[in-house]
Amino acid sequence: MIYIVDNLLNYFIYLFLIYFGFRISPRRNRLFIGISAGIVLLSGALNAYYDVNSPVIYIVWSTLSICLFFEDRFGHLLVLSAALMYFTGIVDTFSVMLIQVVLIGGGMTHTELVWWMEPAYLLSFLIYLLAYLRILKKHEVYLCDIEFRYKLALFIQGSIFQMFYDFVFVFFEENHRMYGWDAYAVFFISITGAIYSIFLTLGLAVKNILSDRQNRALQSFMDMQKQQYDYQLQQSVAVRRFKHDLANHIGVLRELMNEKKAEEAKAYIDTIWNIQEEFDLKIHTGDSFLDVILNYYLYLAGREKIAFAVSGKLTGKMPVAMFDLTTLMGNILQNAVEAAIKAELPRIHVALAEHEKEIFIVVRNSVAERIHTKKDFFRTSKEDRLHHGFGLKNIAATVEKYHGECYMESVVENGEALFQISVAIPTVKAEEKEG
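Residues numbered from 1 in each chain as written. Predicted model: local features only at pLDDT ≥ 70, side-chain atom pairs only at ≥ 80, totals over all residues. Heavy atoms only, no water.

Student: Help me get a handle on empty space enclosed by the protein, residues and values and all.
Tutor: Evaluated as defined, the whole model comprises 1 cavity of 30 Å³ or more. When its volume is computed, the largest cavity comes out at roughly 40 Å³. Lining the largest cavity, in full, are Ala217, Ser220, Phe221, Met224, Thr327, Asn331 and Asn394. Elements with a contribution of two residues or more to the lining of the largest cavity: α8 (181-258) and α11 (322-341). Of all the elements, α8 adds the most residues to the lining of the largest cavity, at 4 residues. In terms of residue class, the lining of the largest cavity is made up of 3 nonpolar, 4 polar and no charged. (1 Å grid on protein atoms, 1.4 Å probe; cavity = no way out; pocket = protein on both sides within 12 Å on 5 of 7 lines; lining within 4 Å. Points joined across faces, edges and corners; volume = space filled by probe spheres on them. Helix = DSSP H or I, 4+ residues; strand = E, 2+ residues; numbered from the N terminus. Nonpolar A, V, L, I, M, F, W, Y, C, P; charged D, E, K, R; others polar.)

Below, the structure is given as structure tokens:
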């Protein structure tokens, strides 16, 4: 029975690390999941029947069960399974050593399965869980995001500790007889240092990723600002050209009026008026900076032949800093344009509404096909996934910064697939009342 329990505990640890650490989804076909669990139980029963913990059986069931349970490339899952067997084996060693020293009072050199190994698995799982909650999940960074050099550092650290196990722990009883309680002190300091080094490496890896994300967000903001600046510069140049020719236009009108050509003069005035309208902002929301952003994307949408409409107005300025407003609306509208281009009937609609305590922004755009799962909202269709796919995450982070709410949904309306994002931002007045 202990062999089956041993396999199951390892199995659950693998599933936890791969699903929560590497963000790989299980298969939708329950048959494969059932076969995966069945292999684990069968291998445990086989070990129990022959009363042996065969490394070959251990390698086969762990690799095969992972490949059947998760949806991913076979080669990737194979390598991942081998890596997990090595690394989790080292971390389990930490726990085995603690259990042996604390509960039994000394090191044991044999490797047979005994009762105290099961609590050791629980202790090692708590280490994984703590690393996940305090480092990975806390910063929305996962093992799949960590650079290879940090993963390699974790394996090197684990290997060093394994050597410590081989050369120090095996001789713990002898050291205890020779050095007394000093042997316990050295042991606990060493094992604490090994665990701390793993957490420290993970922490450095996460800080590096967060720094890269911040740099990419800043670069994205600068790119958006530059695009809007270039657009405004084009408009400014066109206005200067128009003003430069204004004296000539007035001269032409004067001659037409002198010659009593009223119809020609009227047509000429209409032409000048239409040219002048091109320089004006088409969208007026009540927030001048929001006007700049929306008019820029109106220009982009027009260039891509996307129907772009805005409804609703604000009575005052948005309670969002310029940098954050660019990040929020720039990412929303950039994603909307990229998605709408692929749709059969490309269109984007922006709705603004203001209430006593909140400002609502709803952006709806057509898409080529409906998104079925919530996870797909945060996935990028671009090939370079490492440096893309942050748009919606940046949107969510900006909304959270202002204590707002953000909802995303995919709907079908009159047979048309649409993606909708709704943002609610508390007004300054509402924040003052709450304060």
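Moving on from the model shown.
Student: How would you sum up the packing of aromatic side chains? Please name residues and give values.
Tutor: Any two aromatic rings considered together are summarised by their centre-to-centre distance and by the angle between their planes. What the rule picks out here adds up to 15 aromatic pairs. Plain terms: the ring middles of Tyr11 and Phe12 are 6.0 Å apart, the flat faces sit at 50° to each other, and that makes the pair tilted. Seen from their ring centres, Tyr11 and Phe69 are 6.3 Å apart, and the 90° between their planes marks the pair as edge-to-face. Of this pair, Tyr11 sits in helix α1 (residues 2-21) while Phe69 is found in helix α3 (residues 55-69), placing the two residues 58 residues apart along the sequence. The burial state of Tyr11 is the same as that of Phe69; both residues are buried. Joined through ring pairs, the aromatic side chains of Phe16, Tyr19, Phe20, Phe125 and Tyr132 make up one cluster. Between Arg23 and the ring centre of Tyr142, over which it is positioned, the NZ or CZ distance is 4.0 Å. The residue whose ring lies beneath Arg27 is Phe32, and the NZ or CZ to ring-centre distance is 5.1 Å. (Phe/Tyr/Trp six-rings, centres within 6.5 Å; stacked < 30°, edge-to-face > 60°. Buried < 20%, exposed > 50% of the residue type's maximum accessible area, 1.4 Å probe, protein only. Lys NZ or Arg CZ within 6 Å of the ring centre and 35° of its normal.)

Student: Lay out the packing of α11 against helix α12 (residues 391-401) in plain terms, naming residues and giving numbers.
Tutor: At a minimum axis separation of 9 Å, α11 and α12 run at an interaxial angle of 145°. The element α11 and its partner α12 pack so that their crossing is left-handed. Each of Asp324, Thr327, Leu328, Asn331, Ile332 and Asn335 in α11 lies in contact with α12, whose residues at this interface are Gly391, Leu392, Asn394, Ile395, Thr398, Val399 and Lys401. Within the contact of α11 with α12, the residues separate by chemical class into 5 nonpolar, 6 polar and 2 charged. (Axes fitted to C-alpha atoms, helices over the stretch in contact; angles between N-to-C directions. Left-handed = near helix turned anticlockwise from the far one by under 90°. Contact = heavy atoms within 4.5 Å.)

Student: Explain the side chain of Gln420 to me, and be specific about the residues and the numbers.
Tutor: Along the chain, the position of Gln420 falls in strand β5 (residues 416-426). Relative accessible area serves as the criterion here: at 11%, Gln420 is assigned to the buried category. Here Arg364 takes part through its side chain, which lies 2.6 Å from a polar atom of the side chain of Gln420. For Gln420, the residues in contact, after removing those within four places along its chain, are Val362, Val363, Arg364, Tyr407, Met408 and Glu409. (Polar contact = N/O pair within 3.5 Å; in protein donor to acceptor, adjacent residues only side chain to side chain.)

Student: Any details on a nonpolar patch on the surface? Residues and values, ideally.
Tutor: Together, Phe148, Leu152, Ile156, Ile160 and Met163 give the surface a local cluster of nonpolar side chains, amounting to about 520 Å² of exposed area. For Phe148, the position within the fold is in helix α6 (residues 148-167). Accessibility expressed as a relative area gives 63% for Phe148, which makes it exposed. (Patch = residues over 30% accessible without salt bridge, like charges linked within 9 Å, V, L, I, M, F, W, Y side chains within 5 Å. Areas by Shrake-Rupley, 256 points an atom, 1.4 Å probe, with all protein chains shown as cover. Salt bridge = Lys/Arg side-chain N within 4 Å of Asp/Glu carboxyl O.)

Student: Go over unusual backbone geometry with me, naming the residues and quoting the values.
Tutor: Here the phi dihedral of Glu140 falls at roughly 55°; this positive angle occurs in a residue that is not glycine. By secondary structure assignment, the location of Glu140 is in the loop between α5 (117-139) and α6. For Glu140, a relative accessible area of 43% puts it in the partly exposed group. Its identity as a non-glycine residue notwithstanding, Lys305 has a phi of 60°, on the positive side. Locating Lys305 in the fold gives a position in the loop between α10 (288-303) and β1 (307-311).

Student: How would you sum up the nonpolar core? Please name residues and give values.
Tutor: Among soluble globular proteins, nonpolar side chains are generally buried collectively. Residues Phe70, Phe94 and Leu202 are the most contacted members of the largest nonpolar core, which totals 52 residues. Beyond its immediate stretch of four places on either side in the chain, Phe70 contacts Leu15, Ile18, Tyr19, Ile24, Ser25, Pro26, Arg27 and Leu77. By size, the runner-up hydrophobic cluster in this structure holds 40 residues, among which are Phe308, Val320, Leu328 and Ile395. (Core = buried A, V, L, I, M, F, W, Y, C linked by side-chain atoms within 4.5 Å.)

Student: I'd like a rundown of the pattern of salt bridges, residues and numbers included.
Tutor: What the rule picks out here adds up to 4 salt bridges. Of the charged contacts in the structure, one is a salt bridge between Lys401 and Asp324, with a shortest N-O distance of 2.9 Å. One end of the pair, Lys401, is in helix α12; the other, Asp324, is in helix α11, and 77 residues separate them in sequence. On the basis of relative accessible area, Asp324 is assigned to the buried category, the value being 7%.

Treat this as a map of the structure, not an account of what it does.
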